[in-house]
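Chain residues, written in single-letter form:
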Amino acid sequence: MKTNEYIDIENRLGAHNYKPLDVILNRGEGIWVWDVEGNRYLDCLSAYSAVNQGHCHPKIREAMMEQSQRMTLTSRAFRNDQLPLLYQELCALTRSHKVLPMNSGAEAVETAIKCVRKWGYETKGVPENKAEIIVCKNNFHGRTLAIIGFSTDDNARKNFGPFAPGFKAIPFGDADALEAAITPNTVAFMVEPIQGEAGVIIPPAGYLKKAREICTRNNVVLVLDEIQTGLGRTGKLLAEEHDGIEADLTLIGKALSGGFYPVSAVLSNEAVLGLLQPGQHGSTFGGNPLACAVARQALKVLIEEKMVENSANMGAYFLGELKKIEHPAIKEIRGRGLMIAIELFEGTEGGARSVCEKLMKMGILCKETHTYTIRFAPPLVIKKEDIDWALDKIKKAFSE
Ligand SMILES: *Cc1c(COP(=O)(O)O)cnc(C)c1O
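Being a predicted model, the structure only gives us computed values, none of them experimental.

Quick look at the side chain of T369
- Note on placement: T369 falls in strand β14 (residues 367–369).
- A relative accessible area of 4% places T369 in the buried class.
- For T369, the residues in contact, after removing those within four places along its chain, are E197, A198, G199 and R375.

Points about the pairing of strand β10 (residues 264–268)
- Burial analysis of β10 places five of its five residues in the buried class, which makes it a mostly covered element.
- Side chains S264, V266 and S268 project from β10 onto one buried face, and the interleaved A265 and L267 project onto a second face that is buried too.
- Two strands pair when backbone bridges link them, and strand β9 (residues 249–252) and β10 are joined in this way by four bridges, in the antiparallel orientation. Residue pairing across strands places T250 opposite L267, the latter belonging to β10.

A few points about the packing of helix α4 (residues 83–94) against helix α11 (residues 289–304)
- At their nearest, the axes of α4 and α11 sit 9 Å apart, and the two run at 30 degrees to each other. The angle between the axes of α4 and α11 places the two elements in the roughly parallel class. At the point where α4 passes α11, the crossing takes the left-handed sense. Where α4 abuts α11, its residues L83, L85, L86, E89, L90 and L93 lie against C292, A295, R296, L299 and I303.

Some thoughts on the sheet that holds strand β6 (residues 167–170)
- Here seven strands make up an open sheet; going across it, the order is β4-β10-β9-β8-β7-β5-β6 and the pairing mixed. Looking at which strands have only one partner, the edges of the open sheet turn out to be β4 (98–102) and β6. Each strand axis lies, on average, 20 degrees off the axis of its neighbour in the sheet, ignoring direction.
- For strand β5 (residues 132–136) and β6, the ladder comprises four bridges, and the chain directions are parallel. Counterpart to V135 in the pairing with β6 is A169.
- In the packing of α4 onto the sheet, the strands contacted are β4, β9 and β10, and the crossing angle to β4 comes to about 125 degrees.
- Across the sheet, helix α5 (residues 105–124) touches β4, β5, β6, β7 (186–191), β8 (221–225), β9 and β10, and the angle it forms with β7 is around 155 degrees.

Procedures and definitions
- Residues numbered from 1 in each chain as written.
- Predicted model: local features only at pLDDT ≥ 70, side-chain atom pairs only at ≥ 80, totals over all residues.
- Heavy atoms only, no water.
- Helix = DSSP H or I, 4+ residues; strand = E, 2+ residues; numbered from the N terminus.
- Buried < 20%, exposed > 50% of the residue type's maximum accessible area, 1.4 Å probe, protein only.
- Contact = heavy atoms within 4.5 Å.
- Pairing = 2+ DSSP bridges.
- Axes fitted to C-alpha atoms, helices over the stretch in contact; angles between N-to-C directions.
- Parallel < 35°, antiparallel > 145°, perpendicular 65-115°, else oblique.
- Left-handed = near helix turned anticlockwise from the far one by under 90°.

Take a look at the structure:
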C-alpha cells in the first residue's frame, strides 16, 4: 500500500485527535526511521522523548522477548519476580524511597494527585475535601479529565467539563507567585522542570531551588513531572539535578521503557507513598513483569551506554551550532541537553509547521509545538556526525 492509501483509511476510520505529518513509518533503528516508500529520516521527536534509548534498542528488545516467553502479567493480586528488582534499581538510581508503578504518564500524574491529597488530609491536617494543588500555566501533564481540568490550554479543555475542583494555576517560573498562592490548605505544587509541550520553556535560573525552599517552608509537597525531562533528556538523569534539589514526588514515564511498552512510575519519599493502604489505588497492568523487565533494561542501557552524558555533550554542541543560524524569522533558540527548540516570530508565514514539512522532505522528522515553535529532541544515542548532517539540512530549510 502507498502512503496516500494509509492516510485515506486513517482519515475515514480514525478519530482526528492528532494532526500527524503525512509520513507512514514502518521501521526504526537507533536515531533513524523509515517510511513505507523506503525513505529514511532522522527522528528529532523521539516519540515525545519516549525513545531516548533509540528505536528498537537490541538489548531492550531482547529483554522484552525473553520476558514475554516466561511471564507477562500476574496482576498485583500476586507478586512477580521483576517488580522488586525494578524497585531496587529505580530507588538506587534516583535516591527515592518508594515507587508506585503505573502505565501511562497521565496515570502517574493522577496517582500523584491522589497521594498528595491523602497526605494533605492525613498528615498535614487539611480539612476534608479542601485540599488545593498549585500548578503552572501552560502546563502539560496529560489528557485525563482531572488533568485537563487544570490545563490552561483552551483547545485541550473546551467542552470536556465539568472539571474537578482543587487546582490553582500560577505563572511558570515565578517563585513569588508560588509563595503568594499557598494557603493552609495547599498540599502540593506540581511543575515540569522545563515545560516541554509548551515549547521547551526553561524557567529562570534558581527557580526550582526557590520552589523547593518555599515548599519545604510551607509544608507543601513538591511534585516534579519529569515524564518528558527525565531519564537523560536534559543531560542529567533527572532535570532536578541541574538545580541540585530533590523533589518529594517525581513522575517518570515515556523513556522508562525505551518506547517498547507504556511504563510509568511515581517515585516518592517515605511520607507520601507510605500512606497508601491495600485497595486504595491500583492498576491491572501496573507493575507487570513484562513492563518491569523492559523498564529495567531500558534504565540499564541508558546508564551503561552513557546516554545521559551523550545528551549533555551532543545537546550543547547541537544548541551551539543552531544558535549560529541567523534568519529574520527566528526569535529564539533555546534548550538543555537534547531538548531543544527554535521559536519563530509570531506571524511568520506558514509557522513552524511549514519548516517541519520542509525538513521532512529533507529527511528530518520533527514536530511543531503550538504554532511557532519547532522542537528538536533526537534519541540520546545521536552522534556528532549525525548532528552535523542534520545541521546542514536545518540551515538549508532556513535559507530557502
Ligand atoms: C507526555 C507527558 C505526560 C503524559 O504522558 P502520557 O503517557 O501521554 O499519558 C505528562 N507529563 C508530561 C510532562 C509529558 O510530557
